[in-house]
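The primary structure of each chain is shown beneath.
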Amino acid sequence: MKQKIAIAILALVALCALLAPVIAPYDYSRQFRDTPHATASSQFLMGTDDLGRDRLSRLIYATRVSILLAPAAALVSVMLALLLSGFTSLTTLCLSLPWIFLFIILRALMPLNTRPLESILLTFALMGVAGWAWPARIFGASIEQMKQSGWLLQARASGIGSRRIALVHVWPHLRAIAWAQLRVLVPAYILSEASLGLIGLGVAEPLPSWGNLLAELQRPEAVHSNPWVLAPLGLLMIVMICLEQVAP
Amino acid sequence: MIRVLTPRRLLSNLFSLIVIVLLGGFAAAALVRYSPGFSSIPEDLDPSISPETLQALHAKYEDNNPLPVFYARYLAGTFKGGFGISTALNQPVADLLRRRAPVTAKLIAMGTAGGLLLGALLAWMAVWTRKAYLETAAFSLSGLLLAVPPAVLALAFFFNQAPLAIALALALFPRLFGTMRTLLDDAWRSPTLLAARARGVGPGVIASRYVLGGAIPQIVALLGVALVLAFGAAIPIEVICGVPGIGALALQAAVGRDMPLLCALALIITFFVTFVHSVGDLLA
Amino acid sequence: MKRLALLLALSTTAFGAELRFSISADPKTFDPLHVLDDHSETIRYLTAGVLVRINRVTEKVEPQLAESFKLSPDGRAITFHLRPNLKFSDGTPLNANDVARTMKTALDPKQASPKGDTLRSEKGDPEVQVTSPLDITIRYPAPKPDFERLFDALSIVPAKIEKIPASAGPFYVADYKSGEYVRLARNPNYFMRPALDSIRIDIQPNHDIEVTRFLRGELDLINQVDPTNFDRIPGARSFGPSLDSEFLWFNQAPSATVPAWKRKWFTSTAFRQAISESIHRDDIARIVYRGHAHPAAGPVSPANKFWFNAALKPLAFDAQSASKALASDGFKLDHGVLKDRDGHAVEFSIITNAGNRTREAMAAIIQDDLSKIGIKVNIVTLDFDSLIERIAKTAQYEACLLGFTSVEINPTEQMNVWLSTGANHAWWPREKTPATPWEARIDQLEIAMASDPSRAMRKKALDELQRIVVEQAPIIYLVNPDYLAAISPRVHGAQPVASPPQILWNVESLRLE
């Protein structure tokens, strides 16, 4: 029952995100310059931001960016982690490097007139590729332990092929860990996207994302003046709780 | 397969440690050197500075030697007890690290311990009691906290004059909880533990020998990851709350393209992570 | 009773006589001759023993370590007569030889001292002559306008400059903990006694935390209040326009990444004027700066009362004039998209520094304004070093949004910005020859200002330069932010001004109740 409710909520969120141009009251970039920092009203259900843009519209459009791209990036990381978890030295090396410079190099290589959507796609892709190391550490340790387990030894002694062992015997054990990593990586990438804004790799204006909406929480005065600033946080919390419920 | 701790294995681990640390430092240096903006300084935009002074400033901040030469000289310097002079802060890197490391170490140690304890406690409750509502509550709390940016959590604690280590623990716990729960659940379901319970083995022995004992490599791996995650979370916490630790220094170094400081941090972090992994490997 | 009086006195001395404020990052150096960043400059100012001090309210040059000074009639030399019995904070005597040594060190090319750069003239280094232990003459090879004001920024340094050197100013650096604070103590050997016992400067990067600490009474002043925090602070005040300005310019230099047809737009005065007239500066001032800014009238802020060209009016939004200018240059609207005479849709990128919320918001407003005339603007935020590389070295950008802060009062010192061959000639650094007659005229004006001793003549030349810049719009000036500050009621004697160091300029006179 809980799982069904969670799935329904996630589906609703995804649907709202896909239908953003239809259900959002206004365009996400439209500036109502006479009403910046407005509190909630019948015209603006969640108020407006510091440039007079409707918060509700921006939240709906932001969901489109984050709900699609963050899980995709997380999936890339987990898949790469599964493939590369055997290379422990490489994993350790990659865990320690300052990846921020790779992002700075990416920004330098991108043409300045890259469309915001292309830019954010590349950013999340790079996050996915660069973020494989710490799930790989977990997978690596689990696989090492499984290699020494009795049941695996017996499976090999029985002449079962490596492929079958991997898919039928090992993968079910790793699946739960993979899901645990996915649920950690999704919000981490959403939040990282906001931090990347500090080096110019976040979502470019005027495109909204959960990351850049959540960045407003770092200013307590913004929260005091309009509690709807917390809305993206609330939505992300609901999505994360629902993801827990649908976990295998 | 039983792996025995031999001198050869010890030496092999030590060799790996050294190679990985050296590679880590070199890779970090390469990333910094070849990133755009490396040869730019804010003084390039100052109209009151003459071209000659500007040239001298560039010569002071940049090392135009080929990267391998720079790195070799840098390593030679570390053997003499120094990590060079920070170009961003104009102070010896060793002094900076010496002064700031205890601040971050304390924050990370307490935060990691708190995060692991809370994660372990909730995971244990969820698995051991097999009560659905406890499991739901634990996952919900984890999901809630995953959504909150560590910096925002830290600010909330800062403004209420509460310890930042608790904020770090709360930021870390959800990132560890899922994996800990899975590890404990796997151990719970193992035939060995089932047999031990059937034989009437006490909960203390079950916990120490069958659950924890079997999961040591993963726990050590998790500890290594937890420490790296803690450092990553400590950076925005220190920056936002003005804590004079290594996290804030790391961001300053990255933004300022501070090669000596970044190389030092890369060497130290790589050593740390590799060391923890090696210990885990040896313990297994 | 006596015990109570002693306790009260001690509590006042221990608590009430230490001024507390914060800076956002560590100072890079305590060596006064090598100060480059703002935070080091704040420390330098508070510890500086200087020959003269510019009174930031009256703009007059007043004696400091020099008891008196005299300018020669030919405007080439200045003679200082020092006060007797001067000492550094460590007790070492200070006399004319120390002044001479300081000058020599600053001017030594090996030292690469930025202070030396300001002391030099186009015709060469000044000659320094010590005529007695208390008298020194500095002579320039040719007249250097307003050169006596330069000595406000030249701290006299001891013979041996340690990492934390002894100071000849009202305070000295008593303690420094990286990432935490700098503590300055009153210099017992200063020729006058400041009212403050000490100053504690915390290192606090987060402005919201700075405000919270000020509201809790843990800090006594905030030297620069962010407009978004202004309303949070009951005692915060606006002191009118600052000397700072925000502006936008187009890259006119040949660049591998800017196609020739785009460069044609950027080098067209009509195009730049149209862009300027399409921007709602009043919205930027009202929304981004919460009303604490004014539309700019040109390159010099109206806060700079003497040098500002009062005939210039704030640049205003004028859609009709903008349309006319674009039409005159062959631009046409095609289904809501502006196209040039060759059919290229007008689209360009504006780069600015990432992490600066104010500039990002300004860029968003400009993007929105220009979209209304059919121009697509892409905003690209870059980390500062990458931005500098593009604008100062590689020229791989199309337009840039930046600002000048902590500007010098005397804009005639900004030759590197306006001279075509200047390294900081924003729209085309190190241009070999002026590309247009108006740039050639600006060059002539700059060269004249560099050597003309008459302040009135330099003012006339600068007025003309400002007018040309507004007409030709190589740099599109947007707003002059106001100077906002907050001072605790327990601080007395403060006379905040727009020019740095704002509240702290008369630190010797500040006292706490």
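Residues numbered from 1 in each chain as written. Chains lettered and ligands numbered in written order. Predicted model: local features only at pLDDT ≥ 70, side-chain atom pairs only at ≥ 80, totals over all residues. Heavy atoms only, no water.

**Observations regarding the overall build of chain C**
Right, on to step 1. Within chain C one finds 14 helices and 22 strands.
Right, on to step 2. Over its C-alpha trace chain C gives a radius of gyration of 25 Å, about what one expects of a compact globule, namely 24 Å for 513 residues.
Right, on to step 3. Its C-alpha atoms give chain C principal-axis dimensions of roughly 85 × 55 × 40 Å.
Right, on to step 4. Looking at the 513 residues of chain C, the share that counts as buried comes to 58%.
Right, on to step 5. Look at the contacts in chain C between residues 6 or more apart in sequence, and 65% of them connect residues 24 or more apart.
Right, on to step 6. Roughly 20600 Å² of accessible area belongs to chain C as shown, and the carbon and sulfur atoms make up 54% of that amount. (Helix = DSSP H or I, 4+ residues; strand = E, 2+ residues; numbered from the N terminus. Rg over C-alpha atoms; globule rule 2.2 N^0.38 Å. Buried < 20%, exposed > 50% of the residue type's maximum accessible area, 1.4 Å probe, protein only. Contact = heavy atoms within 4.5 Å. Areas by Shrake-Rupley, 256 points an atom, 1.4 Å probe, with all protein chains shown as cover.)

**Some remarks on the environment of Leu 402 of chain C**
Right, on to step 1. Counting through the fold element by element, Leu 402 of chain C comes out in strand β19 (residues 399-404).
Right, on to step 2. By relative accessible area, which is 6% here, Leu 402 of chain C ends up buried.
Right, on to step 3. When residues no more than four places from it in sequence are discounted, the contact partners of Leu 402 of chain C are Leu 45 of chain B together with Ser 245, Glu 246, Phe 247, Trp 249, Asn 353, Arg 359, Phe 384, Leu 387 and Ile 391 of chain C.

**A look at unusual backbone geometry**
Right, on to step 1. Following Glu 205 of chain A, the chain continues into Pro 206 of chain A via a peptide bond in cis, with omega recorded as 0 degrees.
Right, on to step 2. With respect to the element layout, Pro 206 of chain A can be found in the loop between α9 (162-196) and α10 (210-214).
Right, on to step 3. The residue after Pro 500 of chain C, namely Pro 501 of chain C, is reached through a cis peptide bond having omega 10 degrees.
Right, on to step 4. Mapping Pro 501 of chain C onto the fold places it in the loop between β21 (491-492) and β22 (511-512).
Right, on to step 5. The backbone of Ala 112 of chain C shows a phi angle near 50 degrees, a positive value even though the residue is not glycine.

**Quick look at the interface of chain B and chain A**
Right, on to step 1. With 53 residues of chain B in contact, the opposing surface of chain A contributes 43 residues.
Right, on to step 2. For the pair chain B and chain A, the two sides together bury roughly 4300 Å², of which 72% comes from carbon and sulfur.
Right, on to step 3. For chain B, the biggest contributors to the area lost against chain A are Leu 31, Leu 146 and His 277 of chain B; these three give 13% of the whole.
Right, on to step 4. Summed over the shared surface of chain B and chain A, the number is 0 salt bridges.
Right, on to step 5. Our enumeration of links across chain B and chain A arrives at 1 residue pair in polar contact (both at pLDDT 80 or more).
Right, on to step 6. For the side of chain B that touches chain A, the secondary-structure elements that each account for two or more residues are α1 (7-33), α5 (132-147), α6 (150-159), α7 (164-189), α10 (216-241) and α12 (259-283) of chain B. (Buried area = accessible area lost by both parts, 1.4 Å probe. Salt bridge = Lys/Arg side-chain N within 4 Å of Asp/Glu carboxyl O. Polar contact = N/O pair within 3.5 Å; in protein donor to acceptor, adjacent residues only side chain to side chain.)

**Some words on the interface of chain A and chain C**
Right, on to step 1. Taken residue by residue, the interface counts 26 residues in chain A and 36 residues in chain C.
Right, on to step 2. Interface of chain A and chain C: buried area, both sides summed, is about 2400 Å²; carbon and sulfur atoms make up 47% of it.
Right, on to step 3. Three residues stand out in chain A for area buried against chain C, namely Arg 33, Leu 112 and Asn 113 of chain A, and they jointly supply 30% of the buried area on that side.
Right, on to step 4. One salt bridge connects Asp 283 of chain C with Arg 33 of chain A, and the closest N-O pair in it is separated by 2.8 Å.
Right, on to step 5. Counting every contact that joins chain A to chain C gives 13 residue pairs in polar contact (both at pLDDT 80 or more).

**Here we look at the sheet that holds strand β7 (residues 135-139) of chain C**
Residue and element names in this part refer to chain C.
Right, on to step 1. Spatially, the 4 strands line up as an open sheet ordered β4-β5-β7-β6, and their pairing is antiparallel. Two strands bound the open sheet, and with one partner strand each, they are β4 (66-71) and β6 (127-132). When the angles between neighbouring strand axes are averaged without regard to direction, this sheet yields 20 degrees.
Right, on to step 2. Relative to β7, β6 is paired through 5 bridges, and the arrangement is antiparallel. Each residue of the ladder has a partner; that of Gln 129, found in β7, is Thr 137.
Right, on to step 3. Here helix α3 (residues 96-107) sits on the sheet in contact with β5 (77-82), β6 and β7, set at roughly 170 degrees to β6. (Pairing = 2+ DSSP bridges. Axes fitted to C-alpha atoms, helices over the stretch in contact; angles between N-to-C directions.)

**Points about a nonpolar patch on the surface**
Right, on to step 1. Together, Leu 15, Leu 18, Leu 19, Val 22, Ile 23 and Leu 68 of chain A make up a nonpolar patch on the protein surface, roughly 570 Å² of accessible area in all.
Right, on to step 2. When you line up the elements, Leu 19 of chain A lands in the loop between α1 (2-18) and α2 (20-23). (Patch = residues over 30% accessible without salt bridge, like charges linked within 9 Å, V, L, I, M, F, W, Y side chains within 5 Å.)

**Some remarks on the domain arrangement of chain C**
Where interface size is quoted, it is often the accessible area lost as the parts come together.
Residue and element names in this part refer to chain C.
Right, on to step 1. In terms of domain boundaries, chain C breaks down into domain 1 (18-168 + 488-512) and domain 2 (245-483).
Right, on to step 2. Inter-centroid distance (C-alpha atoms) of domain 1 to domain 2 is 34 Å.
Right, on to step 3. The partner domain 2 presents 15 residues to the 14 residues of domain 1 that form the contact.
Right, on to step 4. In this assembly, domain 1 packs against domain 2 so that about 1100 Å² is buried in total across both faces, 57% of it on carbon and sulfur atoms.
Right, on to step 5. Summed over the shared surface of domain 1 and domain 2, the result is 2 salt bridges.
Right, on to step 6. With a closest N to O distance of 3.0 Å, Asp 146 and Arg 458 form a salt bridge.
Right, on to step 7. Scanning the region where domain 1 abuts domain 2 turns up 2 residue pairs in polar contact (both at pLDDT 80 or more).
Right, on to step 8. Within the side of domain 1 that touches domain 2, the residues separate by chemical class into 7 nonpolar, 2 polar and 5 charged. (Domains from an automatic or database assignment. Nonpolar A, V, L, I, M, F, W, Y, C, P; charged D, E, K, R; others polar.)

**Let's talk about the packing of aromatic side chains**
Residues and elements named next belong to chain C.
Right, on to step 1. Going through the model one piece at a time under the given rule, you end up with 33 aromatic pairs over all chains.
Right, on to step 2. Consider the rings of Phe 69 and Phe 80, whose centres lie 6.4 Å apart with planes at 45 degrees: the pair is tilted. A residue pair is termed long-range when its members are at least 10 positions apart, and Phe 69 in strand β4 and Phe 80 in strand β5 qualify at 11 residues.
Right, on to step 3. Given the relative accessible area of 25%, Phe 69 is considered partly exposed.
Right, on to step 4. One Lys or Arg, Arg 83, reaches over the ring of Phe 191 and ends 4.1 Å from the middle of that ring. (Phe/Tyr/Trp six-rings, centres within 6.5 Å; stacked < 30°, edge-to-face > 60°. Lys NZ or Arg CZ within 6 Å of the ring centre and 35° of its normal.)

**Considering the side chain of Thr 228 of chain C**
Right, on to step 1. Inspection of the secondary structure puts Thr 228 of chain C in the loop between β11 (221-222) and β12 (236-241).
Right, on to step 2. Among the polar contacts made by the side chain of Thr 228 of chain C, one reaches the side chain of Asp 226 of chain C at a distance of 2.5 Å.
Right, on to step 3. Excluding its chain neighbours within four sequence positions, the residues that come into contact with Thr 228 of chain C are Arg 219 and Glu 221 of chain A together with Arg 290 of chain C.

**A few points about the pattern of salt bridges**
Right, on to step 1. Tallying each qualifying case throughout the model produces 45 salt bridges over all chains.
Right, on to step 2. Arg 53 of chain A is the salt-bridge partner of Asp 49 of chain A, the closest N and O atoms lying 3.1 Å from each other. Pair check on accessibility: Asp 49 of chain A and Arg 53 of chain A agree, each one buried.
Right, on to step 3. Its salt-bridge partner being Asp 49 of chain A, residue Arg 58 of chain A comes within 3.6 Å of it at the nearest N-O pair. For the pair shown, Arg 58 of chain A and Asp 49 of chain A are each scored as buried.
Right, on to step 4. Through salt bridges with shared partners, a single ionic network connects Asp 49, Asp 50, Arg 53, Arg 58 and Glu 205 of chain A together with Arg 357 and Glu 360 of chain C.

**Some thoughts on the pairing of β19 of chain C**
All names here are of chain C.
Right, on to step 1. When you tally the buried positions in β19, you get 5 out of 6 residues, the bulk of the element.
Right, on to step 2. In terms of strand pairing, strand β13 (residues 245-250) meets β19 through 6 bridges, oriented antiparallel. From the neighbouring strand, Ser 245 faces β19, where its bridge partner is Phe 404.
Right, on to step 3. Where strand β17 (residues 347-353) and β19 come together, 2 bridges link them in parallel fashion. Across the sheet, Ile 351 pairs through a bridge with Cys 400, a residue of β19.

**Concerning the sheet that holds strand β1 (residues 18-23) of chain C**
Residues and elements named next belong to chain C.
Right, on to step 1. With mixed pairing, the 4 strands of this open sheet are ordered in space as β1-β10-β9-β8. With partners counted over all chains shown, the strands left at the sheet margins are β1 and β8 (171-177), one partner each. Within this sheet the neighbouring strands show an average axis-to-axis angle of 20 degrees, counted without direction.
Right, on to step 2. As defined by bridge partners, strand β9 (residues 181-186) adjoins strand β10 (residues 198-203) across 5 bridges and the pair is classed as antiparallel. Bridged to Ala 185 within β10 is Ser 198.
Right, on to step 3. Taken strand by strand, helix α2 (residues 38-47) contacts β1, β8, β9 and β10, and its axis lies near 140 degrees from that of β8.

**Quick notes on the packing of α1 of chain A against helix α3 (residues 55-84) of chain A**
Residues and elements named next belong to chain A.
Right, on to step 1. Where α1 contacts α3, the two axes come as close as 8 Å, and the packing angle between them is 110 degrees. Here α3 runs roughly perpendicular to α1, going by the angle between their axes. Handedness of the α1/α3 crossing: left-handed. Contacts between α1 and α3 pair Val 13, Cys 16, Ala 17 and Leu 18 from the former with Ile 60, Thr 63, Arg 64 and Ile 67 from the latter.
Right, on to step 2. A class-by-class count of the residues in the contact of α1 with α3 yields 6 nonpolar, 1 polar and 1 charged. (Parallel < 35°, antiparallel > 145°, perpendicular 65-115°, else oblique. Left-handed = near helix turned anticlockwise from the far one by under 90°.)

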